[in-house]
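# Overview (structure and organization)
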Amino acid sequence: MANTRKLIQGNKACTMGAIKAGARFCASYPITPASEIGEYLSEDLPKVGGKFIQMEDEIASMGAVIGASVMGVKAITATSGAGFDLKQENIAYAAMTEIPVVIVDVQRSGPSTGGATVCAQGDLMQVKYGRSGDCPMIVLYPNSVKEIYKTTIRAFNLAEKYMSPVILLMDETIGHMRENIDLSEYENVEIINRKLPDVPPEEYKPYEPDAEGIVHLMPFGNKEGYRYVIQGMHHGADGMPNLSPATLQCSLDRINGKLDRHKEDIWEWEAVDLDDADIVVVAVGCVSRSATEAVHAMRKQGIKAGLFRPITLWPFPDEPLMKATEHAKAVIVPEMNMGQLVHKVKEYTRDCTQVIPLNVYDGTVIMPEQIEKVIKEVSEK
Amino acid sequence: MSVHDYIKESAFPLFTCPGCTDGVVLNAFLRAYEKLGYDRSNTVLCCAIGCAGRTPTLLDFNVLRVTHGRAIAFATGVKLAKPDTKVIVFMGDGDSLAIGGNHFIHACRRNLDITAITFRNEIYGMTGGQYAPTTPAGGIATTSPYGMIEPSFDGCKLAIGSGATYVARGDVYNVNNLEKVIKGAMEHKGFSFVEVLTTCPTQFGRRNKMADPVKMINRIKDMTVPIEKAKTMSEDELAGKFPTGVFLDKEGIDLNTRYEELLARVQEQA
Amino acid sequence: MEQDRIEMRFCGFGGQGVVLGSVIYATALAKEGYNVVQSQVYGIEARGGASSGEAMYSDKPIHHLHVTQPDILLAMSQKALDKFIDTVKPGGIVLCDSFYIDQFPKRTDVKVYKAPLTEIAITQLGKELFANALAMGFINGIVKNVSQEHLIEALLESIGNKAVEQNRKAVELGYETGLKVLKEQN
């Protein structure tokens, strides 16, 4: 068994997943702690006929990946918080125009330059709410090297399936961590490619959704004669600018509604010892690993603790969370920021459930003992 | 094909103001495109925000209209993803030289094989007449009510200095030259740039005592001088003049060619 | 394994390659079939002060992110030893490069083994550079948690097959030193 298991860095696993998913283009701009993703792809993409380019800034790299995707080539870019700020402009464009791309945000401590190599979870809200307008987003949040690989593939699959940008949110600690993983189980993993139009060019309306609410955008450069405009103004089925009230509403309903409608397919979460838990920890990313340890330790002491871990952060798995915390007397939310996830948890737990935040934002990761301490305090009440 | 076949009549009536000359540039482009016999199935028009940025949406092409200033950045992805694509980028002067200046110079440096056309109307038209990096000295704009005090950009000099391999200027008065330089740009392998002097009677003209569109076009006529003639003129005579024609047309290895070489090298090693 | 997981820390000053050392050792542990987590803590303190890499291994899945109480501490400098000595688990093992360390731990609940690793690298392998590879072998000579072949493979993979013979020799020399020290200092 031993020799097939390789030690792989989190950021490297992301690039391996991307290539496995069919990504053949990456444009990025250097920023710690995400730089390795561009570095690895600059080395590995040409080996499979793909291309990497280091653009002049974050804005350009976001634009370039969308440009590549418009041509039908799966594309990825990677950055960290301060660079993510700049990418937002064109991420919103991709959401509005329904172009599938994958954006990796390996978080570091912010705001601004903050701490380049300092682990933090400060972008949980930014990835969803940092753009103008009602901009929908799928955000996935793995917590191990193996899960990064798997989730990167899933990010591309969801992007192509729902014609949407997908953000892969990571923690510095997980991006830089090395774990030995066996990837053989993913050899035949399903790879999803965007649907192409099923009507001839003369009947084609690029932004007319199918019965599932999904648009079928024919890649530009096609030989079949499908010609249309992709643009970020509100548009009707023909893709042309249109600011009529009906079109506006329809346009926002379409880009948001498709994710809402398919949220159960998009949602992914992990439940640890939740069945009879009366104290539920809700944690994401690296913190959820400490929370897993804490829950196991508490169980050994007879305390009924459990963990609910959203792997899909957005759209927020509200119903699963409500179910998971139905019988909980308290919910603990450890996170490496000043309190972000906790707001969603409060929104989706019963009023009678006590929601206890545990915020660490000094750059140290939350350790199991810190979570155990809060669980014990609650259980003794 | 006739030029009319390239126009999407469903997109009319025009969104442009009376007297706008953006259509003149579009016309010159289409005539050049038609003469070159290119195939729309591997052509992508990129553009962004503002009047110039919106014009290609009137054409029956695959059009990628993006965020302000970013058309060249998106075009870089388009061109790298599908190297056989003919990419033409339509931009305003604020679009290409202000907000998109960084992308512009780096595409020049990379010698990306695309054609970039800047509509130099000396003003931000769509947003209501604010000054551009091309607004002439003393020019009145909504954000330069006391007259423009900043020096203006020469798009051609910027392109030459940044590494573009084809650089030309045209204008909406001498349409024959305009069509010729756009045609030359599209035929060129490597980054080709055409700065086109256009007019905006509504936002620039009205504020600068040239509300009459014809008067504005006559101003262009007075402002321009063919490169050959410019070479015989003194610096004083050239003050305020814009030479037109082809400044630079040289061979250079474009980014995609370099990338194909890289791919061959890497795959040979593998 | 009796314990849930074994924690190892590799510390020294910047430039000694201790983070790389943790990657190499973790790779060898992975080859051995363990579940392994390797990580490092960056930060201001790593510059000019103590630099450190970590490896944890277990038969079971590891959720822990960082080493907190190392079972095995490799210290390649005085400053690094001083910084981490108090964190070592009671009963743990501390390995010191006595070329850079002259004040050894006073703790009586840990086992301390010392050898002039850097000096051996300079005198017998011609370069201080090989101290890191030597240290890898030294650890294994003392704790014997991986096969020597896996350790050498891991080392060569991590450094891109450079100076293969010298590195192999360094690991082996380190291992022998470890065996000798274990005998003498036990």
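Residue indices follow the written sequence of each chain, beginning from 1 at its first position. Chain letters start at A and ligand numbers start at 1, both assigned in the order the entries are written. Since the coordinates come from a predicted model, pLDDT governs what is reported: local features require at least 70, and pairs of side-chain atoms require 80 or more to be given and counted, while whole-chain, interface and lining totals use all residues. In computing side-chain properties, one takes all heavy atoms of the structure into account and sets aside hydrogens as well as water.

Going by what an unreviewed UniProt entry lists, chain C is known as 2-oxoacid:acceptor oxidoreductase family protein and is assigned to Megasphaera hominis.

As recorded in an unreviewed UniProt entry, chain A goes by 2-oxoacid:acceptor oxidoreductase subunit alpha and comes from Megasphaera hominis.

### Regarding the interface of chain B and chain A
Frequently, the measure chosen for interface size is the accessible area removed from exposure when the parts meet. Facing the 40 residues of chain B at the interface are 40 residues of chain A. Accessible surface is computed with a 1.4 Å probe, and the buried area is the amount of it that two parts give up when combined, taken over both parts together. Interface area for chain B against chain A, summed over the two sides, is near 3,300 Å², with a carbon-plus-sulfur share of 60%. Area buried by chain B at its contact with chain A is led by Asn 62, Arg 65 and Phe 74 of chain B, which between them contribute 17% of it. Here Lys 51 of chain A makes a salt bridge to Glu 260 of chain B, at a shortest N to O gap of 3.3 Å. In protein, a polar contact means a hydrogen-donor-capable atom and an acceptor-capable atom, both N or O and within 3.5 Å, with residues adjacent in sequence counting only if both atoms are side-chain atoms; elsewhere, any N or O pair within 3.5 Å suffices. Counting the contacts that link chain B with chain A gives 19 residue pairs in polar contact (both at pLDDT 80 or more). The contact criterion used is simple: two residues touch if any of their non-hydrogen atoms lie within 4.5 Å. Each salt bridge in this description consists of a side-chain nitrogen of Lys or Arg and a carboxyl oxygen of Asp or Glu lying within 4 Å of one another.

### Considering the packing of aromatic side chains
Only Phe, Tyr and Trp rings take part, Trp by its six-membered ring, and two of them pair if their centres are within 6.5 Å. Stacked means planes under 30 degrees apart, edge-to-face means over 60, and tilted covers everything else. Taken as a whole, this structure holds 23 aromatic pairs over all chains when the rule is applied. Considering the side-chain rings of Tyr 204 of chain A and Tyr 226 of chain A, the 5.0 Å spacing of their centres and the 90° angle between planes classify their relative orientation as edge-to-face. In this pair, Tyr 204 of chain A is assigned in the loop between strand S8 (178-181) and strand S9 (229-231) and Tyr 226 of chain A in the loop between S8 and S9, connecting sequence segments 22 residues apart. Overall, Tyr 204 of chain A belongs to the buried group, its relative accessible area being 12%. Their ring planes at 90° and their centres at 5.2 Å tell us that Phe 13 of chain C and Tyr 100 of chain C sit as a pair that is edge-to-face. Remark: Tyr 100 of chain C occurs in the loop between strand S5 (93-97) and strand S6 (111-115) and Phe 13 of chain C occurs in strand S1 (residues 6-13); sequence separation between them is 87 residues. For Tyr 100 of chain C, a relative accessible area of 28% gives the class partly exposed. Pairwise contacts between aromatic rings join Tyr 6, Phe 29, Tyr 33, Tyr 38, Phe 61, Phe 90 and Phe 119 of chain B into one cluster. Two conditions define a charge located above a ring, namely a distance within 6 Å from the ring centre to NZ of Lys or CZ of Arg, and an angle within 35 degrees of the ring normal. A cation over a ring is seen here: Lys 51 of chain A above Tyr 259 of chain B, with NZ or CZ 5.7 Å from the ring centre. The ring of Phe 104 of chain C carries Lys 114 of chain C above its face, with NZ or CZ at 4.2 Å from the centroid. Helix numbers and strand numbers start at the N terminus; a helix is a DSSP run of H or I with at least 4 residues, a strand a run of E with at least 2. Only protein chains enter the area calculation, which uses a 1.4 Å probe; residues under 20% of their type maximum are buried, those over 50% are exposed, and those in between are partly exposed.

### Things to note about the arrangement of the chains
Here two pairs of chains make contact, and the pair sharing the most contacts is chains A and B. There is a clear gap between chain B and chain C: no contact, and 16 Å between their nearest C-alpha atoms.

### Details of the packing of helix H3 (residues 58-70) of chain A against helix H3 (residues 71-81) of chain B
Axis lines are fitted to C-alpha atoms, over the contacting stretch for helices. Their N-to-C directions set the angle, which ranges from 0 to 180 degrees. Two numbers describe how H3 of chain A lies on H3 of chain B: the axes approach to 6 Å, and their chain directions differ by 40°. Put simply, H3 of chain A runs oblique to H3 of chain B. At the point where H3 of chain A passes H3 of chain B, the crossing takes the right-handed sense. Two secondary-structure elements touch here, H3 of chain A through Ala 60, Gly 63, Ala 64, Ile 66, Gly 67 and Ala 68 of chain A and H3 of chain B through Ala 73, Phe 74, Gly 77, Val 78 and Ala 81 of chain B. Angles are sorted into four bins: roughly parallel if under 35 degrees, roughly antiparallel if over 145, roughly perpendicular if 65 to 115, and oblique for all others. Take the far helix as your reference; a near helix turned counterclockwise from it by less than a right angle gives a left-handed crossing, and one turned clockwise gives a right-handed crossing.

### Quick word on the interface of chain A and chain C
Across the boundary between the two partners, chain A contributes 25 residues, which contact 24 residues of chain C. The junction of chain A with chain C conceals about 2,000 Å² of combined surface from both sides, 54% of it contributed by carbon and sulfur atoms. Looking only at chain A, the three residues that lose the most surface to chain C are Leu 7, Arg 178 and Glu 293 of chain A, adding up to 26% of its buried area. Of the charged contacts in the structure, one is a salt bridge between Glu 293 of chain A and Arg 5 of chain C, with a shortest N-O distance of 4.0 Å. Applying the counting criterion to the chain A and chain C interface returns seven residue pairs in polar contact (both at pLDDT 80 or more). Sorting the residues of the side of chain A that touches chain C by element identifies helix H7 (172-176), S8, helix H10 (285-300) and helix H13 (368-380) of chain A as the ones contributing at least two each. Among the elements that line the side of chain A that touches chain C, the one with the most residues is H10 of chain A, at seven residues. Partitioned by chemical class, the residues of the side of chain A that touches chain C number nine nonpolar, eight polar and eight charged. Charged means Asp, Glu, Lys or Arg here, nonpolar means Ala, Val, Leu, Ile, Met, Phe, Trp, Tyr, Cys or Pro, and polar covers whatever is left, Gly included.

### Overview of empty space enclosed by the protein
Residues and elements named next belong to chain A. Only protein atoms enter the 1 Å grid used here, on which a cavity is any set of points holding a 1.4 Å probe that cannot leave and a pocket is any open set flanked by protein within 12 Å on both sides along at least five of seven lines; residues with an atom within 4 Å of a point are listed as lining. Grid points are joined across faces, edges and corners, and a volume is the space filled by probe spheres set on the points. Under the criterion given, the structure shown has one cavity of 30 Å³ or more. The computed volume of the largest cavity comes to approximately 40 Å³. Every residue lining the largest cavity is listed: Ser 69, Val 70, Ile 99, Arg 194, Leu 217, Met 218, Pro 219, Tyr 228 and Ile 230.

### Quick notes on the sheet that holds strand S1 (residues 43-47) of chain B
One bridge is not enough; two strands pair if DSSP finds at least two bridges between them. If you trace the nine strands from one edge of the open sheet to the other, you get S9(A)-S2(B)-S1(B)-S3(B)-S4(B)-S8(B)-S7(B)-S10(B)-S9(B), paired in mixed fashion. A strand with exactly one partner marks an edge of an open sheet, and here the two such strands are S9 of chain A together with strand S9 (224-226) of chain B. Taking each pair of neighbouring strands and ignoring which way they run, the sheet shows an average axis angle of 20°. Across the sheet, helix H4 (residues 81-97) of chain A touches S9 of chain A together with strand S2 (62-65) of chain B, and the angle it forms with S9 of chain A is around 135°.

### Brief notes about the environment of Lys 169 of chain C
All names here are of chain C. Relative to the assigned elements, Lys 169 resides in helix H6 (residues 164-185). Residue Lys 169 is classed as partly exposed on the basis of its relative accessible area of 47%. Sequence separation between Lys 169 and Arg 5 is 164 residues, and the spatial gap between their C-alpha atoms is 30 Å. Contact partners of Lys 169, with chain neighbours within four places excluded, come to Gln 124 and Leu 125.

### Quick notes on the sheet that holds strand S7 (residues 166-171) of chain A
Residues and elements named next belong to chain A. Ordered in space as S3-S2-S4-S5-S7-S6-S13, the seven strands form an open sheet in which the pairing is mixed. Unpaired on one side and paired on the other, strand S3 (51-54) and strand S13 (312-314) mark the two borders of the sheet. Strand after strand, the sheet turns through a mean of 25° between neighbouring axes, direction not considered. Here strand S6 (residues 138-140) runs beside S13; their pairing, made up of two bridges, is antiparallel. From the neighbouring strand, Leu 140 faces S13, where its bridge partner is Thr 312.

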